[in-house]
Amino acid sequence: MEKFRVVLRSACLFVLIHIANSSPPEDPIKCKSKNKDCIITNAYGNFSDRAICKAAKVEYPSTEEELIAVVAKATKQKTKMKVTTRHSHSTTKLVCPDGEDGLLISTNNLNRVIEIDVKSLTITVESGVTLRQLIDEAAKAGLALAQTPYWWGLTVGGVISTGAHGSTLLGEGSSVYDYVVALRIVSPARRKDGYAKARTLTQSDSELNAVKVSLGVLGVISQVTLKLEPMFKRSITYMEKNDRDLSDEAVKFGRKHEFADITWYPAQKKAVYRIDDRVSSNAPSNGLFDRTIFRSTSSEALAQSRATEENQEFTSNVEGKCNISRQTTSMEIASAYGLTNNGTVFTGYPVIGYQNRIQSAGTCLDSPEDALATACSWDPRIKGQYYFNTAFGLNLSKVKFFIQDVQKLVNLAPKSLCGLDLYVGIVLRYVKTSTAYLGRKKDGINFDINYYRSKDPMIPRLYQDIIEEIEQVSFFKYKALPHWGKNMNVAFDGAIRKYKNAGEFLKVKEKYDPDGLFSSEWTDKVLGLKGNVSVIKEGCALEGLCICSEDVHCAPEKGYFCRHGKIYKRARVCTFVPSIKKKN
């Protein structure tokens, strides 16, 4: 019997219905003829700059031998290549080859668990294995991976290549690549080596530090061996507080609890602390984390929700958006964000459960086809959620001041960030120092922000200037590091200079792929090899495509910017703010 969960948002007659059935996502690659003349997109149906990415062909190797043959043939022909994954959840153009003549190599069929070694506490998988598969197979052997992202619809290869992570400052770290014991990667080679080479790298190889966060420009990861540990249980309690002392508490909280995180609702001046630690496996209860936002949702309800928000944006109905955000937040907190004490109902804190049932979620991927009556809320085949995703990391020493800057903006415009609260607020996750060349060099906090995006790239959002200012303060004032699989172009402009080992990464890139066959013009710009990522065109800042000079300041008018004392329409919203200041 179907299980229903109904969330009523009466202010806008908005109903979300979460049910057991769903329509699984489509393959992100679509071709006109069999595996030829293809278009690649992502799970959201749009990259962050709305690019349409094309390729001449896609290959689906199902063994490493087939993968080597594919790479060798393309290398011999000097064909550009890009690696793609099962669901393609990155919003950046890491999977886009140059032009229309490139080759896509999908890891969809590289999806086998090769070995679980209980004695050495390791698991070896092909790179197309999803986190869900990995978690389930490890659990069958009584083992667990200590850290994963909260969404399980990612592949092991994709997670490692983009630096995806969970949350901790303790133990080995929060990023999945922190647990890599060994991996194999297939890259181009010279003629005498058969045009393709498979390298095995272990923790003793310095080049592993480049492959850990490779952005897909070093080749195709074929196999990964990860360090596991005996299965354990976790105890979770969400604690709601006023955000008055968040700037101080955020830094300290991550040292107190192994799996701590914080969900911040700045417009409501509220923060929800996740008190999350491992406990004895003998502790009672069999809790489950089935995150509400990752469940199957009624397509009709999603369409109604989107129409309501579009109308609020069009009519500048800020109060309506704030009402909905308050109700949404209250329901999320009351439902414990999808935690249940026994897999069915939430009866109270703490929720105690085995690691494999608590660490990650994504049930909207797992249900049978129901003709799109329900789907993941972001599925592009329906009128559902459509949003930007900004994600960045700050060193712990800067966190306090950044949070205080955001709070100053809320005080200047109290209703300006209701749109963030509506999209799960700002999620703070802890990330530990890493040896990866393109990873974090100091302990810090990653901030993850989602917010409304118009289907028309020339229409600004409500309070776009405030949201832009948060983004620019993070990247330009506090020198934040971008999440490689998220963000708009502005986040990557000059970002490579923030990594002291970028030169070492580029040396490995030159060794593995001297002709840049796994690179594109976009990745070359991100890596500082071919100019800037910024694009200068009408409306570019509305889509986060460009940055401005220091003489440009935000104007409060929606979608306008001010330069040299003049107001301009629909060209660029300010994309550089040297310091927090009251709007002109």
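Above: the structure in question.
Here's a quick rundown of the structure.

Procedures and definitions
Residues numbered from 1 in each chain as written. Predicted model: local features only at pLDDT ≥ 70, side-chain atom pairs only at ≥ 80, totals over all residues. Heavy atoms only, no water. Helix = DSSP H or I, 4+ residues; strand = E, 2+ residues; numbered from the N terminus. Buried < 20%, exposed > 50% of the residue type's maximum accessible area, 1.4 Å probe, protein only. Contact = heavy atoms within 4.5 Å. Disulfide = S-S within 2.5 Å. 1 Å grid on protein atoms, 1.4 Å probe; cavity = no way out; pocket = protein on both sides within 12 Å on 5 of 7 lines; lining within 4 Å. Points joined across faces, edges and corners; volume = space filled by probe spheres on them. Nonpolar A, V, L, I, M, F, W, Y, C, P; charged D, E, K, R; others polar. Phe/Tyr/Trp six-rings, centres within 6.5 Å; stacked < 30°, edge-to-face > 60°. Pairing = 2+ DSSP bridges. Axes fitted to C-alpha atoms, helices over the stretch in contact; angles between N-to-C directions. Salt bridge = Lys/Arg side-chain N within 4 Å of Asp/Glu carboxyl O. Left-handed = near helix turned anticlockwise from the far one by under 90°. Polar contact = N/O pair within 3.5 Å; in protein donor to acceptor, adjacent residues only side chain to side chain. Expected span 1.5 Å × (residues − 1). Core = buried A, V, L, I, M, F, W, Y, C linked by side-chain atoms within 4.5 Å.

Each helix and strand in the protein was counted, giving 13 helices and 29 strands. Classification of the 584 residues of the protein by burial places 60% in the buried group. For the protein, the proportion of contacts with a sequence separation of at least 24, taken over those separated by at least 6, is 72%.

Moving on to the state of the cysteines. All told, the structure shown has 4 disulfides when counted by the stated rule. The side chain of Cys-322 participates in a disulfide bridge whose partner is Cys-418; the two sulfur atoms lie 2.0 Å from each other. Given an S-S torsion of about 95°, the disulfide between Cys-322 and Cys-418 has right-handed geometry. Note that Cys-322 is positioned in helix α7 (residues 318-334) and Cys-418 in helix α10 (residues 418-422), a separation of 96 residues in sequence. The pair formed by Cys-322 and Cys-418 is uniform in burial state, with each residue classed as buried.

Moving on, we come to empty space enclosed by the protein. Within the structure shown, the criterion is met by 6 cavities of 30 Å³ or more. Taken as a whole, the largest cavity spans an internal volume of roughly 190 Å³. Surrounding the largest cavity, 17 residues form its lining, Gly-163, Leu-438, Arg-440, Asn-446 and Pro-482 being those nearest its centre. Of the voids in this model, the second largest cavity is the one considered here, and its volume is about 110 Å³. For the lining of the second largest cavity, the secondary-structure elements that each account for two or more residues are α6 (299-314), α7, α10 and β25 (444-452). Residue classes in the lining of the second largest cavity are distributed as 7 nonpolar, 2 polar and 5 charged.

Counted according to the given criterion, the structure contains 20 aromatic pairs. An aromatic cluster of three or more residues is present, and its members are Tyr-44, Trp-151, Phe-294, Trp-378, Tyr-387 and Tyr-423.

Attention now moves to the sheet that holds strand β12 (residues 196-202). Reading across from one edge, β8-β9-β13-β11-β12 is the order of the 5 strands in this open sheet, with antiparallel pairing throughout. The two strands at the open ends of the sheet, each matched to only one other strand, are β8 (113-117) and β12. Taken over all neighbouring pairs, the strand axes of this sheet differ in orientation by 10° on average, direction set aside. Here strand β9 (residues 122-126) runs beside strand β13 (residues 220-227); their pairing, made up of 5 bridges, is antiparallel. Bridge pairing in β13 places Thr-124 opposite Thr-225.

Packed helix pairs are specified by the crossing angle of their axes together with the interaxial distance, meaning the distance between the axes. Between α6 and α7, the least distance of the axes is 8 Å, while the angle of their chain directions is 145°. Packed against α6, whose contacting residues are Thr-308, Glu-309, Gln-312 and Glu-313, the element α7 presents Gly-320, Lys-321 and Ile-324 at the interface. Residue composition of the contact of α6 with α7, by class: 1 nonpolar, 3 polar and 3 charged.

Here we come to the pattern of salt bridges. Taken as a whole, this structure holds 43 salt bridges when the rule is applied. One salt bridge in this structure joins Lys-30 and Glu-26, with 3.2 Å as the shortest N-O distance. Given the relative accessible area of 44%, Lys-30 is considered partly exposed. The exposure class assigned to Glu-26 is partly exposed, which follows from its relative accessible area of 40%. Note that Glu-249 is salt-bridged to Lys-252, the shortest N-O span being 3.4 Å. A residue pair is termed a helical-turn pair when its members lie 3 or 4 positions apart in one helix, as Glu-249 and Lys-252 do in helix α5 (residues 246-256) at 3 residues. Take Lys-252: its relative accessible area is 44%, and that puts it in the partly exposed class. In the salt-bridge network here, residues are joined through shared partners; they are Arg-50, Arg-453 and Glu-543.

A few words on the sheet that holds strand β15 (residues 233-242). Sheet strands pair by backbone hydrogen bonding; their relative direction is either parallel or antiparallel. The antiparallel open sheet is built from 8 strands, whose spatial order is β21-β15-β17-β16-β24-β25-β23-β26. With partners counted over all chains shown, the strands left at the sheet margins are β21 (351-354) and β26 (481-482), one partner each. As paired elements, strand β16 (residues 261-265) and strand β17 (residues 270-279) share 5 bridges and run antiparallel to each other. In the sheet register, Asp-261 faces β17, and the bridge partner there is Arg-274.

The next subject is the packing of α5 against helix α9 (residues 396-412). Running from N to C, α5 and α9 point in directions that differ by 145°, and their axes come no closer than 8 Å. Here α5 runs over α9; the crossing is right-handed. In contact with Leu-246, Ser-247, Asp-248, Ala-250, Val-251 and Arg-255 of α5, α9 contributes Leu-396, Val-399, Lys-400, Ile-403, Gln-404 and Gln-407.

As a further point, take the environment of Phe-401. Its place among the elements puts Phe-401 in helix α9. The exposure class assigned to Phe-401 is partly exposed, which follows from its relative accessible area of 43%. It is 9.4 Å that separates the C-alpha atoms of Phe-401 and Asp-248, two residues lying 153 residues apart in sequence.

The next subject is the side chain of Thr-328. Its location among the elements puts Thr-328 in helix α7. Only 2.8 Å separates the side chain of Thr-328 from the backbone oxygen of Ile-324, close enough to count as a polar contact.

This part takes up α6. Across its 16 residues, α6 extends 22 Å between first and last C-alpha, which sits within 8% of the 22 Å expected from 1.5 Å per residue. Those residues of α6 not exposed but buried are Ser-299, Ala-301, Leu-302, Ser-305, Arg-306, Thr-308, Glu-309, Gln-312 and Glu-313. At the N-terminal end of α6, a side-chain oxygen is found 3.3 Å from the backbone nitrogen of Glu-300, two or three residues along, and the residue is Ser-298. Of the residues trailing α6, Ser-316 is marked for its positive phi of about 55°.

A few words now on the nonpolar core. In this structure, Leu-226 and Phe-447 are the most contacted members of the largest nonpolar core, which totals 121 residues. Residue contributions to this core peak at 7 residues, all from α9. Those residues in contact with Phe-447 that sit more than four places away from it in its chain are Thr-390, Ala-391, Phe-392, Leu-394, Val-399, Phe-402, Ile-403, Ile-426, Val-427 and Leu-428.

That bond from Tyr-349 to Pro-350 is cis: its omega, -5°, falls within 30 degrees of zero. The phi torsion at Ala-371 lies on the positive side, around 60°, for a residue other than glycine. Among the secondary structure elements, Ala-371 is positioned in the loop between α8 (355-358) and β22 (374-375). At Tyr-463, a position not held by glycine, the phi torsion is positive, near 55°. With respect to the helices and strands, Tyr-463 occurs in the loop between β25 and α11 (464-477).

By themselves these figures say nothing about function.
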